[in-house]
Amino acid sequence: MEITPGAHHFPGCLPVDRQIALVAQCRALVDGAIPAYVPVVRGGGQMHVRMLCLGRHWNGKTYQYEPTRTDFDGLPVPPLPAEFRSLAHDIAASAGMALEADLCILNYYDAEGRMGMHQDKDESARSLAAGVPVVSVSLGDTARFLFGGTRRRDPVQTLRLESGDAFVFGGPARLRYHGVSRIVPGTAPPALELVGRFNLTFRQYDVT
Ligand SMILES: O=C(O)CCC(=O)C(=O)O
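Throughout what follows, the structure given in this document is the object of discussion. Keep in mind it's a predicted model, so treat the numbers as computed, not measured. (Residues numbered from 1 in each chain as written. Predicted model: local features only at pLDDT ≥ 70, side-chain atom pairs only at ≥ 80, totals over all residues. Heavy atoms only, no water.)

## Quick look at the pattern of salt bridges
Any two side chains of opposite charge can pair, on the condition that their charged atoms come close. In total, this model carries ten salt bridges according to the counting rule given. Between Arg 203 and Asp 120 there is a salt bridge, with its nearest N and O atoms 3.3 Å apart. Of this pair, Arg 203 sits in strand S13 (residues 197-203) while Asp 120 sits in the loop between strand S7 (115-118) and helix H3 (125-130), and the two are 83 residues apart along the sequence. As far as burial versus exposure is concerned, Arg 203 and Asp 120 are alike and both buried. Two residues, Asp 154 and Arg 151, come together in a salt bridge whose shortest N-O distance is 2.8 Å. The exposure class assigned to Asp 154 is buried, which follows from its relative accessible area of 13%. By sharing partners, the salt bridges in this structure join Asp 120, Glu 123, Arg 174 and Arg 203 into a single network. (Salt bridge = Lys/Arg side-chain N within 4 Å of Asp/Glu carboxyl O. Helix = DSSP H or I, 4+ residues; strand = E, 2+ residues; numbered from the N terminus. Buried < 20%, exposed > 50% of the residue type's maximum accessible area, 1.4 Å probe, protein only.)

Take a look at the structure:
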């Protein structure tokens, strides 16, 4: 379903079996040898998610990507699993867009989790100019997702992103503001045995 030119919502994109497998992978990653953490951003505030970057690390102090987590523990960023990359490619293709993801930001939201309105604009100037999409996959509890315009003051649409949904924004929608105003506790499919929500956003830092 096209929300606005370049932005597509695919409700129920992933069957429950696939969601179960992805949740298991996400759990292993966030509690793995290089674990997720709560980023402290430029102004000194803590984010309201646990974050783990894969492929390239997003530094919350500099808003730049880097190979090691210099704003946290200095550990190398874990690689982006090949199946994540191909999942993102296939979802982008369903929206008629090309994505060779080289990074993923994996966020875990508990019942109090949220994310303020922002633009995803820390990828390379070439990638942004080409409108290479961001592909978002939601697992677990439903999120109230806000999708605005390219200016902070533009009107905002509210969507519910449920478990198994994908959301793609590229082309003319690539720099639209977006955020998560709340999580709806207890809405995850029981088969996931998940309290809270994982969200994966796949991005392509550079284009060749
Ligand atoms: O959790 C979501 O649905 C959105 C995440 C997001 O905005 C981001 O990672 O930039």
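Next comes the rest of the write-up.
## Observations concerning helix H1 (residues 16-30)
For an α-helix, 3.6 residues make a turn, and residues three or four places apart therefore share a direction. With 15 residues, H1 should cover 21 Å at 1.5 Å per step; its first-to-last C-alpha distance of 21 Å lies within 8% of that length. Turning to H1, its buried residues number three or more, namely Gln 19, Leu 22, Val 23, Cys 26, Leu 29 and Val 30. Each buried residue of H1 lies within a common arc of 125 degrees when the element is viewed along its axis, so the set occupies one face. Facing away from the buried side of H1 by over 90 degrees, the exposed positions are Asp 17 and Ala 28. In this structure, the buried side of H1 is in contact with strand S3 (50-54), helix H2 (82-94), strand S6 (103-109), strand S8 (134-140) and S13. (Expected span 1.5 Å × (residues − 1). Arc of directions from axis to C-beta. Contact = heavy atoms within 4.5 Å.)

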